[in-house]
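Residues per chain are reported as follows:
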Amino acid sequence: MSKNIHELAHPWVRSLTVYEPGRPIEEVARELGFADAEEIIKLASNENAIGPAPKAVAAMRRAVRQMHLYPDGGAFYLRRALAKKLGVEMDQIMVGHGSNEILALLGQAFLGPDTEIVMAQGAFIVYRLVADAFRARTIAVPMQQFTHDLEAMLAAITPQTKLVFIANPNNPTGTVVDNAALERFMDQVPPHVAVVLDEAYIELLPPARQPDTLRYVREGRHVFVLRTFSKTYGLAGLRVGYAVGPRAGVELLNKVRQPFNVNAMALAAAEAALADEAHVARTRRMVAAGLRQLERGCARLGLAFVPSVVNFMLVKVGRGRQVCKALEREKVIVRPVDGYGLPEYIRVTVGTRAENTHFLKALEKVMKENG
Ligand SMILES: Cc1ncc(COP(=O)(O)O)c(C=O)c1O
């Protein structure tokens, strides 16, 4: 009698949960029988509402003719451009298939049975999924006012802790940690731990408000700063992110990554996007204006929200998942966050002015019907 394929797998793999991504427009259109998927607005995955960086689009057009060739497995040109921009050495940078791949590689390099990670309870859920995949224990520390409680996270570190994850700014809360609190944390964190500073959204902050975390790398601390081209640069579909860390740490990540982990189109686009200052400035303006519009709109509807510094916001609606479903019928896709222990909230990504207006109108209707 042949075994069920589930029985062939590692027992811990059977019990893993699958990440729930924002629903694609086409899937929602199909399910609800909308003929025109283009009418649907997706504000569910913190994508850039004004699209990809134009310089990246031009670079992709140029790169198309070279797609019969393997990519540069060492991401030389992108790392060189990043090193110059960030003031670090090329061998302190590792490029990944989205920063998500790097999170998984950190798990592969550092985690296993009898190890632990420390994260905040309402922080990006992928950290926990990575820990589960490598059979590490997750210590989830309650947040204070939707923000990482760094003192409590420090106290939660044990001799088994290998990685501490700090999402700054955090998804889904849209909050940042206080720079002084981060500095105190970094001063006290024990040397047997590597700190992962996930800065997926950092470029959305005005430069003066961005913490100088690369300094910790230059000082040789056990820290990995993770960034991505998915958000501010508008290249989520290409999947490219990077880690900046100590040389020896980057070497470890290179040992566990696959040879051609980042495709040639993504490498070309990311390098060009890095030089597209105008697109970054436009994106920051769009996000700032959009946040104001959403805040005013929610206040007008009498809905509480968590003040955000990035391109998404938590809104308190009561029954979050139900409201998400109802919004889909109004052709708006947003995200439930019950998986983050926030069942009363939805997370909405900042859209263009017109998209935000559509969302607020739909939300008003849905809240009247559900309220
Ligand atoms: C906090 C945070 N980190 C990492 C990621 C992963 O980004 P990517 O894999 O697209 O680089 C996301 C994506 O939503 C995120 O919100």
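One can find the structure itself at the top, above this paragraph.
Quick word on the overall build of the chain
- A tally of helices and strands in the chain yields 15 helices and 13 strands.
- Over its C-alpha atoms the chain spans a radius of gyration of 21 Å, differing by no more than 12% from the 21 Å that the globule rule assigns to 371 residues.
- In terms of principal-axis extent, the alpha carbons of the chain reach across some 60 × 55 × 50 Å.
- Residues classed as buried in the chain amount to 52% of the 371 residues present.
- In the chain, 73% of the contacts between residues at least 6 apart in sequence involve partners at least 24 apart.
- With the model as given, the accessible surface of the chain reaches about 17200 Å², and the carbon-plus-sulfur share is 54%.
- Of note, the chain has its 46 positive side-chain charges centred 3 Å away from the centre of its 38 negative side-chain charges.

A look at the packing of helix H4 (residues 54-63) against helix H12 (residues 264-274)
- The contact between H4 and H12 brings their axes to 8 Å, and the two run at 145°. Remark: the crossing between H4 and H12 carries right-handed chirality. Within the contact between the two elements, H4 uses Lys55, Ala56, Ala59, Met60 and Ala63 and H12 uses Met265, Ala268, Ala269, Ala272 and Ala273.
- Counted by class, the contact of H4 with H12 contains nine nonpolar, no polar and one charged residues.

Observations regarding the layout of surface pockets
- Counted as a void, the largest pocket has a volume near 850 Å³.
- Tyr19, Asn100, Phe124, Asn171 and Arg335 are the residues nearest the centre of the largest pocket, which is lined by 43 residues in total.
- Secondary-structure elements contributing two or more residues to the lining of the largest pocket are helix H6 (98-110), helix H7 (126-133) and strand S12 (335-336).
- Residue composition of the lining of the largest pocket, by class: 17 nonpolar, 13 polar and 13 charged.
- For the lining of the largest pocket, the two domains that each supply at least three residues are domain 1 (5-51 + 278-370) and domain 2 (54-274).
- Within this model, the second largest pocket holds a volume of roughly 350 Å³.
- Lining the second largest pocket are 18 residues, and of these Lys85, Leu86, Glu203, Gln210 and Arg227 sit closest to its centre.
- At the level of elements, helix H5 (76-86), helix H10 (214-218) and helix H13 (277-300) are the ones that each hand at least two residues to the lining of the second largest pocket.
- At three residues, H13 tops the list of elements feeding residues into the lining of the second largest pocket.

The rules behind the values
Residues numbered from 1 in each chain as written. Predicted model: local features only at pLDDT ≥ 70, side-chain atom pairs only at ≥ 80, totals over all residues. Heavy atoms only, no water. Helix = DSSP H or I, 4+ residues; strand = E, 2+ residues; numbered from the N terminus. Rg over C-alpha atoms; globule rule 2.2 N^0.38 Å. Buried < 20%, exposed > 50% of the residue type's maximum accessible area, 1.4 Å probe, protein only. Contact = heavy atoms within 4.5 Å. Areas by Shrake-Rupley, 256 points an atom, 1.4 Å probe, with all protein chains shown as cover. Lys, Arg positive; Asp, Glu negative; His and termini not counted. Charge placed at Lys NZ, Arg CZ, Asp CG, Glu CD. Axes fitted to C-alpha atoms, helices over the stretch in contact; angles between N-to-C directions. Left-handed = near helix turned anticlockwise from the far one by under 90°. Nonpolar A, V, L, I, M, F, W, Y, C, P; charged D, E, K, R; others polar. 1 Å grid on protein atoms, 1.4 Å probe; cavity = no way out; pocket = protein on both sides within 12 Å on 5 of 7 lines; lining within 4 Å. Points joined across faces, edges and corners; volume = space filled by probe spheres on them. Domains from an automatic or database assignment.

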